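Below, each chain spelled out in residue letters.
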Amino acid sequence: TGEGRPGVAATLQALNGALGRPAALWVKENGARNLRHRDFLAPRAALNAAFPGGQVPADVMAGVTSLGGPGVLAVRGCQETPAGLAVQVRRPEAFRRLLAPLPGPAPAAGLQAGWVVLHCPALRGPAAALRPRHLRTVLLADHLAQLLCAQGVGVRLVPALAEEGSREVLRQLRVDWPSGSSGSALPDTVSALKRALGRSPCAAACEQGPGAAALPEDVICKVHLKSFVEQQGLVGYDPNLDVLLVTEGKLRSLAELQQAVLQRAVSNPVALPASRFPDGSCCSIVHVVSCEEEFRQQQLDLLWRILDPGAHTALQKHLVCGPVKVTNPSSPIGADQYFQLRKRQMYEASVMKYGELAQDEAWTEVIDTLTVAAIRFEMLSTAHRSQITLDLEDSSISTKGTKSGAFVMYNCARLATLFDTYQRAVERGTYPALPPVSELNFSCLREEGEWLLLFNYLLPFPEVLQQAAQLPTPTKGIRITANTETVCKFLIQLSMDFSSYYNRVHVLGEPFPHLFDQMFARLQLLGAVRDMFHSALATLHLPPLSQI
């Protein structure tokens, strides 16, 4: 039809254009109560500022009512209300356009296109030293990598895991991180950095004065960071940065980053080629660090800028995670102990809920997946700058409440059960098979929960994924803020609204032909909701469960 898939941004843009004002006046409604009467609103205060006496001319009203175009929801009606100018869209048509498969291959999502190196310094230490605060940065980098790849951005994860223990901890958590050696070219890169160090005016030999403490054996020289920051006019660095003792280990870390940038190897083979970032660079480097690691990473950032004044080192960004506070630990808890504790809690809760069933071998995979979901949501549903508090004694994070990963997985499994039940009923001849979308009657979808699922979730979902993958350029300094909590929060809210709808509505009703139209339309809607669950969970490396 050439209409394209409708979107929130395109519809808001068209509505604002129809009012003929440069300011963004319209807002999309989200709450169930307001959605009973309207879908978009131009608030009264905004109208008063834009039009004399707040009166919208008749020709402008007519322009709003006749809105159309690619990606724009068609308007059913537009009226003045005390709250402002209210618009309701043509809902059956919106259902049809969003639930019909797009003709031809899906367009590439690569709106950002380019290359990103995600560096997680927490993985340079031994597995035994991995703490929950380190785990937060690793899970965040892993999630961000999936989101970026889905937008057509090439991603390289650094460092490569050398230790078996680290690989095992991350494997349990379904983190897909590269392992193995850093490559045969690493010694050459280290040598090149050493030569650059020898030429740098910021570097100086470490002279041992009488009575001074002995320096570590692997110290090569010292570098004056503070004077470099002042000379270059750099902002955003810790004012306490001064002299750095350069070691072989620090140069190896930089060499691995250097190689990642030069190779621009991509973890996603279908990602777009190295088309340019908006600022003309070919690669962006993001250091994902805990607040405790931030100072050390700033030291390495500056050392790299000194040794390689290329365009890529000037594009380093720091994504800093807030502290992870663990309540009542008898001793410092490692990442592996944390996983085992949550797994035991999940197992015990499942046994209590389902009895002997949960002790069956088939449940091992389910318990593992639920544990990973609990931990990922515990770590990622809070904005990355904020503190997280882990209550190790509180097992409710694993099993109860609407904020947990287990609740999301449970609702995903309910959808799997629904379609499995329907499929078996079709095979028995109880129901007919689902007809093609073109034959479905979407005017049957009048329950407010159905519009809520379409308008608040299916409609904005591509934009939600896009927003979650945004890596904005810092306006000042080197820190960036990303919306890494967006997908978890979206899934939690979706699960709450789906659960409320599913508890209220009997989707598979009596097998009477006059009820089939509504059942088919609901199944088409819930099939799209199920696919959306799967796509969002994939960015968290969580497979959908067919049973809980």
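Everything discussed here concerns the structure shown above.
If you're wondering where the values come from, they're calculated on a predicted model, not measured in any experiment.

Participant: So what's going on with the packing of aromatic side chains? Which residues, and what values?
Facilitator: Inspection of every chain in the model, using the stated rule, returns 11 aromatic pairs. Taken together, a centroid distance of 6.3 Å and an interplanar angle of 80 degrees make the contact between Tyr-431 and Phe-516 edge-to-face. A residue pair is termed long-range when its members are at least 10 positions apart, and Tyr-431 in the loop between α15 (405-428) and α16 (448-458) and Phe-516 in helix α19 (residues 513-538) qualify at 85 residues. According to the relative accessible area criterion, Phe-516 is buried, its value standing at 11%. Relative to Tyr-502, the ring of Phe-498 lies with its centre 5.2 Å away and its plane at 25 degrees, an arrangement referred to as stacked. Here Phe-498 and its partner Tyr-502 are both found in helix α18 (residues 486-504), four residues apart, which amounts to about one turn of the helix. Grouped by ring-pair contacts, the aromatic residues Phe-40, Phe-95, Phe-442, Trp-451 and Phe-455 constitute a single cluster. The ring of Phe-419 has Arg-530 lying over it, and the distance from NZ or CZ to the ring centre is 4.4 Å.

Participant: Just give me the short version of the pattern of salt bridges, but keep the residues and values in it.
Facilitator: What the rule picks out here adds up to 20 salt bridges. Measuring nitrogen to oxygen at the nearest pair gives 3.2 Å for the salt bridge that ties Glu-365 to Arg-174. A residue pair is termed long-range when its members are at least 10 positions apart, and Glu-365 in helix α13 (residues 363-380) and Arg-174 in the loop between α7 (164-172) and α8 (186-199) qualify at 191 residues. On the basis of relative accessible area, Arg-174 is assigned to the partly exposed category, the value being 23%. One salt bridge connects Glu-450 with Arg-522, and the closest N-O pair in it is separated by 2.6 Å. Of the two residues, Glu-450 sits in helix α16 while Arg-522 sits in helix α19, which places them 72 residues apart along the sequence. The pair formed by Glu-450 and Arg-522 is uniform in burial state, with each residue classed as buried.

Participant: Quick rundown of the sheet that holds strand β1 (residues 27-28)? Include the residues and the values.
Facilitator: With antiparallel pairing, the four strands of this open sheet are ordered in space as β1-β2-β4-β3. Whereas interior strands pair on both sides, the edge strands pair on one side only; in this sheet they are β1 and β3 (75-81). One ladder, built from six bridges, connects β3 with strand β4 (residues 84-89); its direction is antiparallel. Bridge pairing links Gln-79 to Ala-86 in β4. Contacts from helix α1 (residues 8-19) reach β1, β2 (40-43) and β4 within the one sheet, and its direction differs from that of β2 by about 40 degrees.

Participant: Please provide a residue-by-residue account of the environment of Arg-504, values included.
Facilitator: Among the structural elements, Arg-504 can be located in helix α18. By relative accessible area, which is 44% here, Arg-504 ends up partly exposed. In sequence terms Arg-504 and Gly-449 are 55 residues apart; their C-alpha atoms lie 9.1 Å from each other. Not counting the four nearest positions on each side in its chain, Arg-504 is found in contact with Glu-447 and Gly-449. One polar contact links Arg-504 to Glu-447, side chain to side chain, over a distance of 2.9 Å.

Participant: I'd love a proper account of the side chain of Ser-495, names of residues and values included.
Facilitator: Relative to the elements of secondary structure, Ser-495 occurs in helix α18. Judged by its relative accessible area of 0%, Ser-495 is buried. For Ser-495, the side chain forms a polar contact with the main-chain oxygen of Leu-491, separated by 2.7 Å. In contact with Ser-495, other than residues within four places in its own chain, are Phe-407, Val-408, Asn-411 and Phe-533.

Participant: Give a detailed account of the environment of Arg-156, specifying residues and quantitative values.
Facilitator: Mapped onto the elements, Arg-156 comes out in strand β6 (residues 153-158). Since its relative accessible area comes to 23%, Arg-156 is described here as partly exposed. Residues Arg-156 and Leu-257 lie 101 residues apart in sequence; the distance between their C-alpha atoms is 9.7 Å.

Definitions and limits used
- Residues numbered from 1 in each chain as written.
- Predicted model: local features only at pLDDT ≥ 70, side-chain atom pairs only at ≥ 80, totals over all residues.
- Heavy atoms only, no water.
- Phe/Tyr/Trp six-rings, centres within 6.5 Å; stacked < 30°, edge-to-face > 60°.
- Helix = DSSP H or I, 4+ residues; strand = E, 2+ residues; numbered from the N terminus.
- Buried < 20%, exposed > 50% of the residue type's maximum accessible area, 1.4 Å probe, protein only.
- Lys NZ or Arg CZ within 6 Å of the ring centre and 35° of its normal.
- Salt bridge = Lys/Arg side-chain N within 4 Å of Asp/Glu carboxyl O.
- Pairing = 2+ DSSP bridges.
- Contact = heavy atoms within 4.5 Å.
- Axes fitted to C-alpha atoms, helices over the stretch in contact; angles between N-to-C directions.
- Polar contact = N/O pair within 3.5 Å; in protein donor to acceptor, adjacent residues only side chain to side chain.

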